[in-house]
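Examining the three-dimensional arrangement
Letter by letter, the chains look like this.
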Amino acid sequence: QLQASGGGLVQAGGSLRLSCAASGRTFSSLGWFRQAPGKGREFVAAITWTRPGTSYADSVKGRFTVSRDNTKNTVYLQMNSLKPEDSAVYYCAAKGGPVRFTPDFYEHWGQGTQVTVSS
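Details of the overall build of the chain
Summing up its helical and strand segments, the chain has zero helices and 11 strands in all. Sequence-ordered secondary structure for the chain, helices as α and strands as β, is β-β-β-β-β-β-β-β-β-β-β. A compact globule built from 119 residues would reach a C-alpha radius of gyration of about 14 Å, and the chain, at 13 Å, matches this within 12%. With the principal axes as the frame, the chain shows a C-alpha extent of 40 × 30 × 25 Å. Summarising the internal contacts of the chain: among those between residues at least 6 apart in sequence, 55% fall at separations of at least 24.

Have a look at this one:
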């Protein structure tokens, strides 16, 4: 039901845009999480589907922007000024109800897309 895409290899300071296409139903909230090797899955950003509202982890504020296209049932994560520490597998996840910052609250997950930032 969630299909993430857009990852790749980029140099530090570069940009990437991730996409998450939702099919089958709509969700109240959609979040982006990431997981680096040996680390837990951490919250990156989230957006509510029906009302304007976004949330960001402190580590990405001012560099990442989450947005949605309701006509395409797709959420985007624009990542600018990328740093090597942003390297991880990025996942989109969806849930009913309000945005949560903990992955356990999310019921539906995409397959993940690798982002690698070289120094």
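Don't stop here, the text continues.
Thoughts on the sheet that holds strand S7 (residues 64–69)
Strand order in this open sheet of four strands is S1-S3-S8-S7, and the pairing throughout is antiparallel. With partners counted over all chains shown, the strands left at the sheet margins are strand S1 (2–5) and S7, one partner each. The average angle at which neighbouring strand axes cross in this sheet is 15°, direction not considered. Across four bridges, S1 lies against strand S3 (residues 16–22) in antiparallel orientation. Counted as the bridge partner of Ala4 is Cys20 from S3.

Here's the deal with the nonpolar core
The nonpolar side chains of a soluble globular protein tend to be buried, and buried together. Leu30, Trp32, Leu77, Met79 and Tyr90 are the most contacted members of the largest nonpolar core, which totals 33 residues. Those elements that place two or more of their residues in this core are S1, S3, strand S4 (29–35), strand S5 (42–48), S7, strand S8 (74–79), strand S9 (88–95) and strand S11 (113–118). Apart from the residues lying within four places of it in its own chain, the contact partners of Leu30 are Leu2, Cys20, Ala45, Ala46, Ile47, Trp49, Val75, Cys92, Ala93 and Ala94.

Structural notes on the packing of aromatic side chains
All told, the structure shown has six aromatic pairs when counted by the stated rule. Look at Phe33 and Phe43: their rings are 5.8 Å apart centre to centre, the planes differ by 75°, and that puts the pair in the edge-to-face class. Taken together, the positions of Phe33 in strand S4 and Phe43 in strand S5 put the pair 10 residues apart, joining distant regions of the chain. Just as Phe33 is buried, Phe43 falls in that class too. Between the aromatic rings of Phe33 and Tyr106, the centroid separation amounts to 5.1 Å while the plane-to-plane angle is 75°, which identifies the pairing as edge-to-face. Residue Phe33 is found in strand S4, and its partner Tyr106 is found in the loop between S9 and strand S10 (108–109); the two are separated by 73 residues along the sequence. In this structure, Phe33 and Tyr106 share a single accessibility class: buried. Through a chain of ring-to-ring contacts, three or more aromatic side chains come together here, namely Phe33, Phe43, Tyr91, Phe101, Tyr106 and Trp109. Taking the ring centre of Tyr91 as reference, the NZ or CZ of Arg41 above it sits at 3.8 Å. Over the ring of Phe105 we find Arg100, and its NZ or CZ is 5.0 Å from the ring centre.

Structural notes on the state of the cysteines
With the rule as written, the count across this model stands at one disulfide. In this model Cys20 forms its disulfide with Cys92; the gap between the sulfur atoms is 2.2 Å. The disulfide joining Cys20 to Cys92 has a torsion of about 70° about its S-S bond and is therefore right-handed. With Cys20 in strand S3 and Cys92 in strand S9, the pair connects residues that are 72 residues apart, well separated along the chain. The pair formed by Cys20 and Cys92 is uniform in burial state, with each residue classed as buried.

Definitions and limits used
Positions within a chain are numbered from 1, following the residues in the order the chain's sequence is written. Reporting in this predicted model follows two pLDDT cut-offs: at least 70 for local features of residues, and 80 or more for side-chain atom pairs to be given and counted; totals over whole chains, interfaces and linings ignore these cut-offs and use all residues. Excluded from the side-chain calculations are hydrogens and water; all other atoms, namely the structure's heavy atoms, are used. Numbering of helices and strands runs from the N terminus; a helix is a DSSP stretch of H or I covering at least four residues, while a strand is a stretch of E covering at least two. This radius of gyration counts C-alpha atoms alone. The globule rule is 2.2 Å times how many residues there are, raised to the power 0.38. The contact rule is simple, with two residues in contact once any of their heavy atoms fall within 4.5 Å. When DSSP finds two or more bridges between two strands, those strands count as paired. Only the stretch in contact is used when a helix axis is fitted, and all axes are lines through C-alpha atoms; the angle between N-to-C directions ranges over 0 to 180 degrees. Put simply, a nonpolar core is a bunch of buried Ala, Val, Leu, Ile, Met, Phe, Trp, Tyr and Cys residues held in one set by side-chain atoms that sit within 4.5 Å of each other. Three exposure classes are used, based on accessible area relative to the maximum for each residue type with a 1.4 Å probe and protein chains only: buried under 20%, partly exposed in between, and exposed over 50%. Stacked, tilted and edge-to-face are the three classes applied to pairs of Phe, Tyr and Trp rings, where Trp contributes its six-membered ring and a pair requires centres within 6.5 Å; stacked means planes under 30 degrees apart, edge-to-face means over 60, and tilted covers the rest. Consider the ring centre and the ring normal. A charge sits over the ring if Lys NZ or Arg CZ is within 6 Å of that centre and within 35 degrees of that normal. A pair of cysteine sulfur atoms is labelled a disulfide when the two atoms are within 2.5 Å.

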